[in-house]
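Read off the chains here:
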Amino acid sequence: MSRQTLLSLLEAESGAYVSGEEISRKLNVSRTAIWKQIRKLEAEGYEIEAVPRLGYRLIGKPSRLSLHELLPKLATREFGRNVKLFEEVGSTNDEVRKLAEDGAPQGTLVIAERQTRGRGRMGRSWHSPAGKGVWMSLLLRPQLPLPLTPQLTLLAAVALSRAIARVVPLPIGIKWPNDLLVNGRKISGILLESAAEDERLKYVVVGMGISANLDEEDYPEELREKAVSLKMATGLTVDRAELIAAVLDEFERLYALFEERGFAPIRALWEAHSITLHRPAVLHTPQGPVEGVPESLEDSGGLRVRLPDGSERTVYSAEVGETANP
Ligand code: BTN
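Residues numbered from 1 in each chain as written. Predicted model: local features only at pLDDT ≥ 70, side-chain atom pairs only at ≥ 80, totals over all residues. Heavy atoms only, no water.

## Section: the overall build of the protein chain
Thought 1: Summing up its helical and strand segments, the protein chain has 9 helices and 14 strands in all.
Thought 2: For the protein chain, the C-alpha atoms occupy an extent of roughly 80 × 50 × 30 Å along the three principal directions.
Thought 3: Counting only residues that meet the buried cut, the protein chain has 49% of its 326 residues in that class.
Thought 4: Considering only residue pairs separated by 6 or more positions, the protein chain has 62% of its internal contacts joining residues 24 or more positions apart. (Helix = DSSP H or I, 4+ residues; strand = E, 2+ residues; numbered from the N terminus. Buried < 20%, exposed > 50% of the residue type's maximum accessible area, 1.4 Å probe, protein only. Contact = heavy atoms within 4.5 Å.)

## Some thoughts on the sheet that holds strand β11 (residues 288-297)
Thought 1: Pairing is antiparallel in the open sheet, where 5 strands are placed in the order β13-β12-β11-β10-β14. Each end of this open sheet is capped by a strand with a single partner; those strands are β13 (312-315) and β14 (319-322). Within the sheet, the average angular offset between the axes of one strand and its neighbour, ignoring direction, is 50 degrees.
Thought 2: Where β11 meets strand β12 (residues 303-306), 4 bridges bridge the pair, whose relative direction is antiparallel. (Pairing = 2+ DSSP bridges. Axes fitted to C-alpha atoms, helices over the stretch in contact; angles between N-to-C directions.)

## Examining the sheet that holds strand β4 (residues 109-115)
Adjacent strands of a sheet pair through backbone hydrogen bonds, lying either parallel or antiparallel.
Thought 1: Strand order in the open sheet formed by 7 strands is β3-β4-β5-β9-β8-β7-β6, and the pairing between neighbours is mixed. For this open sheet the edge positions go to β3 (83-89) and β6 (173-175), each flanked by a neighbour on one side alone. Recorded for the sheet is a direction-independent mean angle of 20 degrees between the axes of neighbouring strands.
Thought 2: Pairing of β4 with strand β5 (residues 134-140) involves 4 bridges; the strand directions are antiparallel.

## Description of helix α3 (residues 31-43)
The α-helix winds at 3.6 residues per turn, so residues separated by three or four positions along the chain end up facing the same way.
Thought 1: Compared with the 18 Å implied by 1.5 Å per residue over 13 residues, the 19 Å span of α3 between its first and last C-alpha is a close match.
Thought 2: Among the residues making up α3, those that are buried are I34, Q37, I38 and L41. Projected down its long axis, α3 shows its buried positions confined to an angular sector of 105 degrees, all on one face. For α3, the exposed residues set more than 90 degrees away from the buried face come down to T32, K36 and A43. (Expected span 1.5 Å × (residues − 1). Arc of directions from axis to C-beta.)

## Things to note about the pairing of strand β8 (residues 185-197)
Thought 1: Relative to β8, strand β7 (residues 179-182) runs antiparallel, the two being bridged by 3 bridges. In the strand pairing of β8, L180 is matched with S188.
Thought 2: Following β7, the chain reverses through 2 residues before pairing antiparallel with β8; N183 in that reversal takes a positive phi of roughly 45 degrees.
Thought 3: Pairing analysis gives 10 bridges linking β8 to strand β9 (residues 200-210), with the strands arranged antiparallel. Note that in β9 the partner of L191 across the bridge is G207.
Thought 4: Counting the residues that bridge the hairpin from β8 to β9 gives 2 residues, and of these D198 lies at a positive phi of roughly 50 degrees.

## Digging into the domain arrangement of the protein chain
Thought 1: For the protein chain, the assigned domains are domain 1 (3-60), domain 2 (67-273) and domain 3 (281-320).
Thought 2: The straight-line distance from the C-alpha centre of domain 1 to that of domain 2 is 38 Å. (Domains from an automatic or database assignment.)

## Topic: the packing of helix α8 (residues 240-261) against helix α9 (residues 264-273)
Thought 1: Packing of α8 against α9 brings their axes to within 8 Å, and their N-to-C directions diverge by 135 degrees. Accordingly, the angle class assigned to the pair α8 and α9 is oblique. Along its contact with α8, which presents L254, L257, F258 and R261, the element α9 presents A264, P265, I266 and L269. (Parallel < 35°, antiparallel > 145°, perpendicular 65-115°, else oblique.)

## Examining the environment of A16
Thought 1: Locating A16 in the fold gives a position in the loop between α1 (3-12) and α2 (20-27).
Thought 2: A16 gets classed as partly exposed once you look at its relative accessible area, which sits at 33%.
Thought 3: The sequence separation of A16 and A100 amounts to 84 residues, and the corresponding C-alpha distance is 49 Å.
Thought 4: For A16, the residues in contact, after removing those within four places along its chain, are Y56 and R57.

## Topic: the environment of A227
Thought 1: Locating A227 in the fold gives a position in the loop between β9 and α7 (230-234).
Thought 2: Once the C-alpha coordinates of A227 and I190 are considered, the two residues, 37 residues apart in sequence, prove to be 14 Å apart.

Written out as structure tokens, the structure is:
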């Protein structure tokens with residue numbers, strides 16, 4: 001008996017119970033075999049209710065992303081127009097990098113239902129379970145001096161927070177450089193990876209992870225305090241295709257603004273969403289902790305920090321934490 005046959009049988013009952021005995025008779029299989037297949041369907045995201053004496057009932061299906069659903073929602077000219085959707089990849093950033101090396105155009109997008117080796121910033125892994133998040137990477141081919149690449153990191157954070165706010169009513173803050181938080185818990189992360197040749201930027205891969213519909217039990221224990229999904233924060237299941245279309249739309253608009261008017265308007269938008277500026281913090285840099293008050297953003301994307309002795313210092317890479325005595 002294939003899972004598909006069992007599923008068709010449950011679907012045919014449109015939400016009514018089918019007894020184990022009936023399934024067993026119709027499909028000519030044992031009760032144990034049915035139970036095993038039911039467990040597999042559940043692991044794929046089907047919700048099946050099992051009630052003694054009544055049998056099984058299909059109450060929910062996994063929401064799969066499909067290009068049929070996504071493409072009509074796209075309002076962009078370039079971003080996401082060349083798109084690949086995978087059931088499973090190691091990391092969508094790696095898939096886009098391969099396509100970029102083969103000459104794929106700017107705006108190329110790779111989306112995956114699940115990543116087996118999702119990467120985060122600072123060498124961390126990124127938890128990317130199946131069917132519930134938005135795990136995707138976008139290819140950019142900017143005409144930008146290499147040292148200014150971090151400006152795109154900040155642009156991406158603004159694009160994502162504006163897009164999420166279009167889809168769900170949530171107060172989203174940007175923690176420098178590009179973590180999106182809701183009430184202090186992380187809802188989304190961005191990983192920019194670039195390729196350069198002879199000091200020239202060749203392309204940039206913008207990896208975006210949005211915890212859309214994850215439930216508490218989808219997170220490993222160590223993330224439960226720190227992370228939250230849009231669904232957990234609002235009680236609403238998010239239409240992932242709509243969210244992806246909103247991200248691409250915001251991204252394309254901000255990128256056009258950036259190309260036309262430079263970093264200044266992006267900086268202003270980033271500052272308006274920032275929860276890092278003007279609050280005492282400890283910046284955990286690779287060289288050790290720096291305590292102070294972040295005061296502004298530099299053109300390099302670095303954070304200008306006022307130290308307790310009144311001097312200033314720019315931090316380029318760090319994890320921002322709160323101070324013990326703010
Ligand atoms: C972070 O906050 O540490 C960045 C997380 C970035 C995760 C996304 S998910 C899609 C893309 N592919 C990856 O392997 N990482 C990024």
